[in-house]
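Architecture at a glance
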Amino acid sequence: MKVTVLGSGAWGTALAMVLLENGNDVTLWSFLEEEKAVLEQTGENPMLKGVPLPRELKLTTDMNAVKGCGAVVIATPSFAVRSTAAKLREIADPGTVLISVSKGIEKDTSLRLSEAIEQEVGDKCPVVVLSGPSHAEEVGRSIPTAVVAAADDIRHAQLVQDLFMNSRFRVYTSTDRVGTEICAALKNVIALCAGCCDGMGYGDNTKAMLMTRGLAEIARLGVALGGKQESFTGLAGVGDLIVTCCSMHSRNRRCGILIGQGKPVDEAVKEIGAVVEGYYAAANARALARKAGVEMPIAQAAYEVLYEGRDVHSVVTDLMSRSKRPEHEL
Ligand SMILES: NC(=O)c1ccc[n+]([C@@H]2O[C@H](COP(=O)([O-])OP(=O)(O)OC[C@H]3O[C@@H](n4cnc5c(N)ncnc54)[C@H](O)[C@@H]3O)[C@@H](O)[C@H]2O)c1
């Protein structure tokens, strides 16, 4: 199949290589001419050092590459998903499957990214979400990985499964786009918090507590918004939470470590040097939680540290001092 991947960052590049390996005709689109030039000149993506780009991978900055494609992958940071989708409105052929692989919630609207894509493109193209525990650095090195393709119509999810699946990249299907996207966006907030705990010198107990209670509040929000409970214990939920909170590949966790060590938030975000989605997702989590009338104490604490300058230690004391409650809602 002819496929164009929009966004030549770490994730777009790694996925383009999987698609190419599966015999597809793949074009990787760069937002910037300079970015394409680096790929051409060095033969690798600077975010995926040591992973040579296959010769057959076509590189472009021309959005017209999406014409005639059976599928288009949108792999930009969340803040650029809508503007990228807007460009597709006129160019994409009706029926082209749009695959959203970015993780986040849209900043000003608090919409899920697939909703923003649909608003721009209309109903001429189905939208599928691909998500799960998948560091680009590992997918680029062919390390066995599993993800989930979620679509309202299972046939579209199956098409994406067929497109990407191979012996080192396993794809499951789901019909829960809402739950899958809420997991993808909000696990980055918990990863930032997990990093903070590491930076503050706390131990494994603290991180396990944070991940478990973090997942509980993500699920509470996701179900209130129409997601299915089982998605939160699946690859996009607990799977992605584990990988993001425990790995040094995670920018969100690394950013949290710097904050936990006492670095001012703006300096920590800048030092990471690439998009820290959890920073933006924390503000959106708070907005969504308020709208849905759901309690999200960890996301709220993250918001206070990231946007209101609260001290991380006092936030932990507050969380630990919350009123007594049963583990599971009765
Ligand atoms: N890196 C991973 O392991 C990974 C895994 C799964 C999902 N994701 C998600 O994929 C998305 C992209 O992540 P990444 O790691 O590839 O990021 P990255 O920082 O490596 O690359 C982002 C790319 O987006 C481009 N870009 C910047 N501004 C743009 C704009 N206004 N319009 C269009 N393109 C623009 C940049 O030029 C760059 O090529 C994020 O939402 C991330 O959460 C990343």
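What counts, and at which threshold
Residues numbered from 1 in each chain as written. Predicted model: local features only at pLDDT ≥ 70, side-chain atom pairs only at ≥ 80, totals over all residues. Heavy atoms only, no water. Salt bridge = Lys/Arg side-chain N within 4 Å of Asp/Glu carboxyl O. Helix = DSSP H or I, 4+ residues; strand = E, 2+ residues; numbered from the N terminus. Buried < 20%, exposed > 50% of the residue type's maximum accessible area, 1.4 Å probe, protein only. Axes fitted to C-alpha atoms, helices over the stretch in contact; angles between N-to-C directions. Parallel < 35°, antiparallel > 145°, perpendicular 65-115°, else oblique. Left-handed = near helix turned anticlockwise from the far one by under 90°. Contact = heavy atoms within 4.5 Å. Nonpolar A, V, L, I, M, F, W, Y, C, P; charged D, E, K, R; others polar. Pairing = 2+ DSSP bridges. Right-handed = clockwise from strand over helix to strand, strands pointing away. Domains from an automatic or database assignment. Buried area = accessible area lost by both parts, 1.4 Å probe. Near = heavy atom within 4 Å. Areas by Shrake-Rupley, 256 points an atom, 1.4 Å probe, with all protein chains shown as cover. Core = buried A, V, L, I, M, F, W, Y, C linked by side-chain atoms within 4.5 Å. Arc of directions from axis to C-beta.

Focus on the pattern of salt bridges
Going through the model one piece at a time under the given rule, you end up with 21 salt bridges. Salt-bridge contacts for Arg-112 lead to Glu-181; the nearest nitrogen and oxygen are separated by 2.7 Å. Taken together, the positions of Arg-112 in the loop between β5 (97-100) and α4 (113-121) and Glu-181 in helix α7 (residues 177-199) put the pair 69 residues apart, joining distant regions of the chain. For the residue pair Arg-112 and Glu-181, the accessibility class agrees, reading buried in each case. Members of the salt-bridge network, linked through shared partners, are Arg-82, Arg-89, Glu-106 and Glu-120.

Looking at the packing of α7 against helix α9 (residues 235-246)
Where α7 meets α9, the closest approach of the two axes is 9 Å, and the angle between their N-to-C directions is 30°. Classed by the angle they form, the pair α7 and α9 counts as roughly parallel. For the pair α7 and α9, the sense of crossing is right-handed. Across the interface between the two elements, Thr-180, Cys-183, Ala-184, Lys-187, Asn-188, Ile-190, Ala-191 and Ala-194 of α7 pack against Ala-236, Gly-237, Asp-240, Leu-241, Thr-244 and Cys-245 of α9. Looking at the contact of α7 with α9 residue by residue, the class counts come to eight nonpolar, four polar and two charged.

Re the pairing of strand β7 (residues 145-150)
Along β7, six of the six residues are buried, which leaves the element largely enclosed by surrounding structure. Side chains Thr-145, Val-147 and Ala-149 project from β7 onto one buried face, and the interleaved Ala-146, Val-148 and Ala-150 project onto a second face that is buried too. As defined by bridge partners, strand β6 (residues 127-131) adjoins β7 across three bridges and the pair is classed as antiparallel. In the strand pairing of β7, Leu-130 is matched with Ala-149. As defined by bridge partners, β7 adjoins strand β8 (residues 169-174) across six bridges and the pair is classed as parallel. Within β8, the position partnered with Thr-145 by the bridge is Phe-169. Handedness of the crossover is the feature at issue here: the chain leaves β7, passes through helix α6 (residues 154-164), returns alongside β8, and the resulting connection is right-handed.

Describing the environment of Val-73
Tracing the backbone through its elements, the reader meets Val-73 in strand β4 (residues 71-74). Between the C-alpha atom of Val-73 and that of Ala-184, which follows or precedes it by 111 residues, the distance is 16 Å.

Digging into the domain arrangement of the protein chain
We note that the domain assignment places domain 1 (2-175) and domain 2 (178-320) within the protein chain. Here domain 1 and domain 2 have C-alpha centroids that lie 25 Å from each other. Contacts between the two partners involve 28 residues from domain 1, matched on the other side by 25 residues from domain 2. Counting the surface lost from both domain 1 and domain 2, the interface buries some 2,200 Å², and carbon and sulfur atoms represent 61% of this. Among the residues of domain 1 in contact with domain 2, Lys-103, Ile-105 and His-135 are the three that bury the most area, contributing 27% of the side total. The interface formed by domain 1 and domain 2 includes two salt bridges. A salt bridge links Lys-103 to Asp-240; its shortest N-O distance comes to 2.7 Å. Every element with two or more residues in the side of domain 1 that touches domain 2 is listed here: α4, β6, α5 (136-139), β7 and β8. Looking at the side of domain 1 that touches domain 2 element by element, the count peaks at four residues for β7.

So, the site of the ligand
Close to the ligand lie 23 residues; Trp-11, Glu-35, Ala-136, Arg-251 and Glu-277 are nearest. About the coverage of the ligand: the protein hides 87% of its 830 Å² of free accessible area. In terms of residue class, the shell around the ligand is built from twelve nonpolar, seven polar and four charged. Among the domains, domain 1 (2-175) and domain 2 (178-320) are the pair contributing at least three residues each to the shell around the ligand.

Some points on the nonpolar core
Ranked by size, the top nonpolar core spans 49 residues in total, and within it Ile-182, Leu-186 and Ile-259 carry the most contacts. Looking at this core, the elements with two or more residues in it are α7, α8 (204-224), α9, α10 (251-260), α11 (265-272), α12 (277-292), α13 (297-308) and α14 (312-320). Among the elements that make up this core, the one with the highest residue count is α7 (13 residues). Not counting chain neighbours up to four residues away, the residues in contact with Ile-182 comprise Ile-105, Arg-112, Ile-218, Leu-221, Gly-222, Leu-225, Phe-232 and Leu-288.

Structural notes on α4
Taken as a whole, α4 has its buried residues at Leu-113, Ser-114, Ala-116, Ile-117, Glu-120 and Val-121. Down the axis, α4 shows its buried residues gathered within 155° of arc, on one side only. Where α4 is buried, its residues contact β4, α3 (81-91), β5, β6 and α7. One or two steps after α4, the chain reaches Gly-122, where phi turns positive at roughly 80°.

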